[in-house]
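# Structure at a glance
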Amino acid sequence: MEIINRRQRMSSVARKVRRDQDQTIGLVPTMGALHEGHLSLVREARRMCDVVVVTVFVNPTQFGLDEDFAHYPRDLTKDAARLTDYNVDYIFAPSIEEVYPKDFATYVTVGGLSEQLEGAARPGHFRGVATVVAVLLNIVRPDFAFFGQKDAQQTLIVKRLVRDLAFETEIVVLPTIREESGLALSSRNAYLSEEEKRAAVILSHALTRAKEAYKAGERSGSRLVETVRATVAGEPLARLDYVSVTDADTLENLEKLDDRTVLIALAVNFGKTRLIDNIVLNRKKNGGSAAAS
Ligand code: AMP
């Protein structure tokens, strides 16, 4: 396993793999502080591809001014140690200047999809995500890139970006990995106190309640929203930011649920920590939904 810091070295290594060795490349973009959620992506990349590249880069452009960029957990030594068990070929851990050279001025905006949910709550967030993903895809030119359903809106945006700008990378979306309690793994869980962590299971509980209501025949979007809202309200440490019931492909709000695949997504604050989670209902068995994994 080699740790690469320079974009030129990464490009030339990837070019060699593609051209001289005719091997496939899998890219797993992360911001580090690796946990089992990230590692599930790495495992699938290892299974599907000849060469696996994991990027570790805390991307400043996707953080708002009042967000946690400065405090985001960073420990490349620990991340690299975890990745040695997974037979990863390259870690690409560039500095900010390597990704955003002086006078960087070109940003990618995926219209529409970037404005709802997380985009409404975090203006500019998805511009930062789409831009860094475009840069990373151009540097590595992978055959496959792996993303988690945990960030459902991000997967839709990345798929649209790849399609619209004709990147030759296939996007693979993998299921959310959870603790036994139901809490979705997240690097930001490290910010939670023991008490907040216990309280944070309310996100998955609320989604499970909505799923049960749906299974029992509830087809009103606003009543499902209310189910989630009321469940989160029962946890004194939780402050709901938003909950939405949308079409899983277009993120259009759904009032009357029909045969479309549904995404229920929410964001909840615990003190200064903001957590997100989601669930997909009525997933089509054979593709059909862009959110399908
Ligand atoms: P991050 O380091 O938070 O930017 O995440 C890097 C990748 O890991 C993204 O594609 C995330 O969606 C994915 N990811 C984060 N948490 C999980 C999880 N609990 N289960 C599956 N994938 C995850």
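Presented here is an overview of the structure given in this document.

Conventions we followed
Chains are numbered independently. Their residues run from 1 in the order of the written sequence. For a predicted model such as this one, the threshold for reporting local features is a pLDDT of at least 70, and the threshold for listing and counting side-chain atom pairs is 80 or more; totals across whole chains, interfaces and linings nevertheless cover every residue. Note that the side-chain values use all heavy atoms of the structure and ignore hydrogens as well as water. Any residue with at least one heavy atom within 4 Å of a molecule or strand is counted as near it. We define a polar contact as two N or O atoms separated by no more than 3.5 Å, with the added condition that, inside protein, one atom must be a possible hydrogen donor and the other a possible acceptor, whereas residues neighbouring each other in sequence contribute only through side-chain atom pairs. Computed with a 1.4 Å probe, the accessible areas rest on the Shrake-Rupley method; for each residue, only the protein chains presented here act as cover. Runs of H or I in DSSP of at least four residues are treated as helices and runs of E of at least two as strands, each being numbered from the N terminus. Residues are sorted three ways: Asp, Glu, Lys and Arg are charged, Ala, Val, Leu, Ile, Met, Phe, Trp, Tyr, Cys and Pro are nonpolar, and all the rest, Gly among them, are polar. Only the stretch in contact is used when a helix axis is fitted, and all axes are lines through C-alpha atoms; the angle between N-to-C directions ranges over 0 to 180 degrees. With the far helix as reference, a near helix turned anticlockwise by less than a right angle produces a left-handed crossing, and one turned clockwise produces a right-handed crossing. When checking whether two residues touch, look at their non-hydrogen atoms; a contact exists if any pair is within 4.5 Å. DSSP bridges decide pairing: two strands pair if at least two such bridges lie between them. A helix is expected to span 1.5 Å for every residue after the first. Residue exposure (1.4 Å probe, protein chains only): buried if accessible area is under 20% of the type maximum, exposed if over 50%, otherwise partly exposed.

### Remarks on the site of the ligand
Within the structure, the ligand sits among 17 residues, and Met31, His38, Asp151, Ile177 and Leu185 are positioned closest to it. One nitrogen or oxygen atom from the side chain of His38 is found 2.8 Å from an oxygen atom belonging to the ligand. Between the ligand and Gly148, the relevant distance is 2.9 Å, taken from an oxygen atom to a main-chain nitrogen or oxygen of the residue. In the complex, 92% of the free accessible area of the ligand, which totals 480 Å², lies under the protein chains. Those elements giving two or more residues to the shell around the ligand turn out to be strand E2 (25-30), helix H2 (36-48) and strand E5 (144-148). Across the shell around the ligand, the residue classes break down as 8 nonpolar, 7 polar and 2 charged.

### A few points about the packing of helix H9 (residues 202-215) against helix H10 (residues 221-233)
Between H9 and H10, the shortest axis-to-axis distance is 9 Å and the interhelical angle comes to 145 degrees. The interaxial crossing formed by H9 with H10 has right-handed handedness. Residue-level inspection shows Ile202, His205, Ala206, Arg209, Ala210, Ala213 and Tyr214 of H9 in contact with H10, the latter providing Leu224, Thr227, Val228, Thr231 and Val232.

### Focus: the sheet that holds strand E7 (residues 239-247)
In any sheet, the strands associate via hydrogen bonds between backbone groups, in a parallel or an antiparallel arrangement. In spatial order, the strands read E7-E8-E9; together these 3 strands make up an open sheet with antiparallel pairing. The sheet terminates laterally at E7 and strand E9 (273-281), the two strands that pair on one side only. The sheet shows a mean angle of 10 degrees between the axes of neighbouring strands, direction not considered. Relative to E9, strand E8 (residues 262-270) runs antiparallel, the two being bridged by 9 bridges. Looking at E9, one finds that Ala265 is bridged to Asn278. Here H9 sits on the sheet in contact with E8 and E9, set at roughly 20 degrees to E9.

### Side note on the sheet that holds strand E3 (residues 51-56)
The strand order across the open sheet formed by 6 strands is E1-E4-E3-E2-E5-E6, and the pairing between neighbours is parallel. Looking at the sheet topology across the chains shown, the edges are occupied by strand E1 (2-4) and strand E6 (170-174). Recorded for the sheet is a direction-independent mean angle of 25 degrees between the axes of neighbouring strands. Relative to strand E4 (residues 90-92), E3 runs parallel, the two sharing 3 bridges. Bridge pairing links Val54 to Ile91 in E4. Running at roughly 155 degrees to E5, H2 makes contact with E2, E3, E5 and E6 of the sheet.

### Let's talk about H9
Taking 1.5 Å per residue, 14 residues should reach 20 Å; H9 reaches 20 Å between its end C-alpha atoms and fits that length. For H9, the set of buried residues is Ile202, Leu203, Ser204, Ala206, Leu207, Ala210 and Tyr214. Structurally, H9 contributes buried residues whose contacts are with helix H8 (194-199), H10, E8 and E9.

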